Protein chains: 2
Amino acid sequence: MPHAHHSDACPGCAAAPQAAFARHDHSHCSGDVLARAEALAAEQGVKLTPVRRRVLEILLEEHRALGAYDVLQRLAGEGFGNQPPVAYRALDFLVENGLAHRIRRLNAFAACMHPGEAHAPAFLICRACNHVAEAPAAPVREALDHAAAALGFAIERSNIEALGLCPACRGAGA
Amino acid sequence: MPHAHHSDACPGCAAAPQAAFARHDHSHCSGDVLARAEALAAEQGVKLTPVRRRVLEILLEEHRALGAYDVLQRLAGEGFGNQPPVAYRALDFLVENGLAHRIRRLNAFAACMHPGEAHAPAFLICRACNHVAEAPAAPVREALDHAAAALGFAIERSNIEALGLCPACRGAGA
DNA sequence: TCTTGACATGTTATAGTATAACATACATAG
DNA sequence: CTATGTATGTTATACTATAACATGTCAAGA
Ligand SMILES: [Zn+2]
Ligand SMILES: [Zn+2]
Ligand SMILES: [Zn+2]
Ligand SMILES: [Zn+2]
């Protein structure tokens with residue numbers, strides 16, 4: 001049982017976005033997030049069925065984004081359906097219920113590291129190691145809302161993504 | 001000859017992002033941007049060949065983003081090649097040379113409304129009328145750089161896109 | 001002038017991403 | 001138990017993008 005030292009929030013653990021780019025006890029991240037996800041699903045009255053839960057676990061294995069077909073391949077190998085809609089439906093469910101994010105730049109999906117918390121994420125994608133961090137971006141979102149408001153535009157959904165080099169890969173001189 | 005009243009910058013014309021969502025003299029936008037694009041290409045020593053120029057003109061017809069296959073269909077109807085690479089190559093050229101932008105949320109491309117000017121655009125996409133505005137987003141980009149810097153991440157490219165309702169469509173009660 | 005090399009275009013073929021439409025299973029409420 | 005809604009499975013297809021190769025064009029250099 002990971003992180004028995006606390007039962008709810010875990011400051012500086014899964015919440016720490018820089019962990020995505022550094023060595024860390026990742027079982028802590030994934031265990032923590034998965035527990036929160038289950039709580040959130042129960043709270044919202046939606047069902048985290050076996051496929052859906054398994055897809056979330058797969059996304060949580062690493063701080064990376066996976067394509068739908070990567071996920072599908074994993075599912076198929078584990079006895080679930082092996083046709084695209086199986087993966088897309090589970091992924092869409094996770095996205096719609098705030099348990100995963102779609103990374104448009106990569107045509108891929110990543111687990112949400114802050115399920116249930118109100119957050120306006122920006123995604124930092126390392127082009128060298130492919131790790132993805134969900135950075136807190138409330139100020140970014142605020143600036144975006146402001147720019148939109150200046151034009152009378154009402155934002156409903158937004159995606160903010162950046163490609164570059166993470167600290168580890170910068171050091172390695174990629 | 002459009003906009004003969006000025007020879008270089010055109011404050012409040014193509015530069016005005018809110019124009020994308022309102023009635024306006026669009027030939028002014030397109031004529032102005034096309035002229036700037038030609039100047040910029042010459043200045044950068046790259047060739048705005050007939051296909052490339054035509055693709056830019058097509059993108060400039062409206063404040064919308066077009067899919068590669070939409071562009072291709074237009075090209076094919078005008079005697080250019082009718083295979084995907086013809087469109088993708090021209091579009092990639094325009095994007096790489098700062099004459100167009102890729103809108104990832106739509107898998108589509110839009111003409112850059114500020115070619116040659118240093119700008120950090122955010123794209124506002126109306127889900128009702130499909131118009132796309134290239135909003136000035138220097139503060140947004142600055143906030144994003146700041147959030148990334150806090151994690152030691154070096155941004156190279158970014159995309160900032162928002163979906164919602166433009167002022168016109170909000171009024172229409174969409 | 002002729003050649004050569006760089007670049008642009010054209011074409012064939014295929015890879016990768018996503019969804020429509022229909023069939024089956026399974027739960028829970030009445 | 002049976003009707004209803006929801007989840008899953010499956011078939012087929014649509015949409016997006018690129019690899020690889022062939023042909024054409026033009027200008028610099030021999
Ligand atoms: Zn982790
Ligand atoms: Zn990295
Ligand atoms: Zn216009
Ligand atoms: Zn609109």
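Predicted, not measured: the structure shown is a model, and the values here were computed from it. (Residues numbered from 1 in each chain as written. Chains lettered and ligands numbered in written order. Predicted model: local features only at pLDDT ≥ 70, side-chain atom pairs only at ≥ 80, totals over all residues. Heavy atoms only, no water.)

A. Representation of the protein's contact with DNA strand D in the model. The immediate surroundings of DNA strand D are formed by 15 residues, with Thr49 and Arg89 of chain A together with Tyr69, Tyr88 and Arg102 of chain B found nearest. The share of sugar and phosphate among atoms of DNA strand D within 4 Å of the protein is 46%. Between Thr49 of chain A and DNA strand D, the recorded distance is 2.5 Å, taken from a side-chain N or O atom to a phosphate oxygen. Here a phosphate oxygen of DNA strand D sits 3.0 Å away from a polar atom, N or O, in the side chain of Tyr88 of chain B. Counting only elements with at least two residues in the surface near DNA strand D, the list comes to α2 (50–60) and α4 (84–96) of chain A together with α4 (84–96) of chain B. The leading source of residues in the surface near DNA strand D is α4 of chain B, at four residues. (Near = heavy atom within 4 Å. Polar contact = N/O pair within 3.5 Å; in protein donor to acceptor, adjacent residues only side chain to side chain. Helix = DSSP H or I, 4+ residues; strand = E, 2+ residues; numbered from the N terminus.)

B. Representation of the pairing of strand β5 (residues 154–165) of chain B within the structure. Bridge count for strand β5 (residues 154–165) of chain A against β5 of chain B is eleven bridges, and the pairing is antiparallel. By the bridge assignment for β5 of chain B, Ala162 of chain A is matched with Ser158 of chain B. Sheet analysis places strand β3 (residues 121–126) of chain B next to β5 of chain B, joined by four bridges and oriented parallel. Counterpart to Leu124 of chain B in the pairing with β5 of chain B is Ala162 of chain B. (Pairing = 2+ DSSP bridges.)

C. A look at the coordination of the zinc ion (ligand 4). All names here are of chain B. For the zinc ion (ligand 4), the protein coordination sphere consists of Cys126 (SG), Cys129 (SG), Cys166 (SG) and Cys169 (SG), at 2.2 to 2.4 Å. Seen from the zinc ion (ligand 4), its four donor atoms lie at angles of 102 to 115°, and the figure they make is tetrahedral. Written as a sequence motif, the donor arrangement for the zinc ion (ligand 4) is C-x2-C-x36-C-x2-C. A residue is classified by how much of its surface remains accessible, and Cys169, at 11% relative accessible area, is buried. (Donors = N, O, S within 2.8 Å, 3.2 Å for Na, K, Ca; no water. Tetrahedral: all angles 85-135°; square planar, octahedral: opposite > 155°, others 65-115°. Buried < 20%, exposed > 50% of the residue type's maximum accessible area, 1.4 Å probe, protein only.)

D. Inspection of the protein's contact with DNA strand C at higher detail. Close contacts around DNA strand C come from 14 residues, with Tyr69, Tyr88 and Arg102 of chain A together with Thr49 and Arg89 of chain B the closest. The sugar-phosphate backbone supplies 48% of the atoms of DNA strand C found within 4 Å of the protein. Between a base nitrogen of DNA strand C and a side-chain N or O atom of Tyr69 of chain A, the distance comes to 2.7 Å. In the environment of DNA strand C, a phosphate oxygen lies 2.5 Å from a nitrogen or oxygen atom belonging to the side chain of Thr49 of chain B. Partitioning the surface near DNA strand C into residue classes produces seven nonpolar, four polar and three charged. (Nonpolar A, V, L, I, M, F, W, Y, C, P; charged D, E, K, R; others polar.)

E. Examining the pattern of salt bridges more closely. Scanning the model with the defined rule gives 21 salt bridges over all chains in all. Notably, a salt bridge pairs Glu62 of chain A with Arg64 of chain A, separated by 3.5 Å at the nearest N-O pair. Of the residues examined, Glu62 of chain A reaches a relative accessible area of 40% and is grouped as partly exposed. By relative accessible area, Arg64 of chain A is classed as partly exposed at 29%. Ionic contacts of the salt-bridge type, sharing partners, join the residues Glu38, Arg53, Arg54, Glu57, Glu61, Arg74 and Glu78 of chain B into one network. (Salt bridge = Lys/Arg side-chain N within 4 Å of Asp/Glu carboxyl O.)

Functional significance is not addressed by these values, which are geometric in nature.
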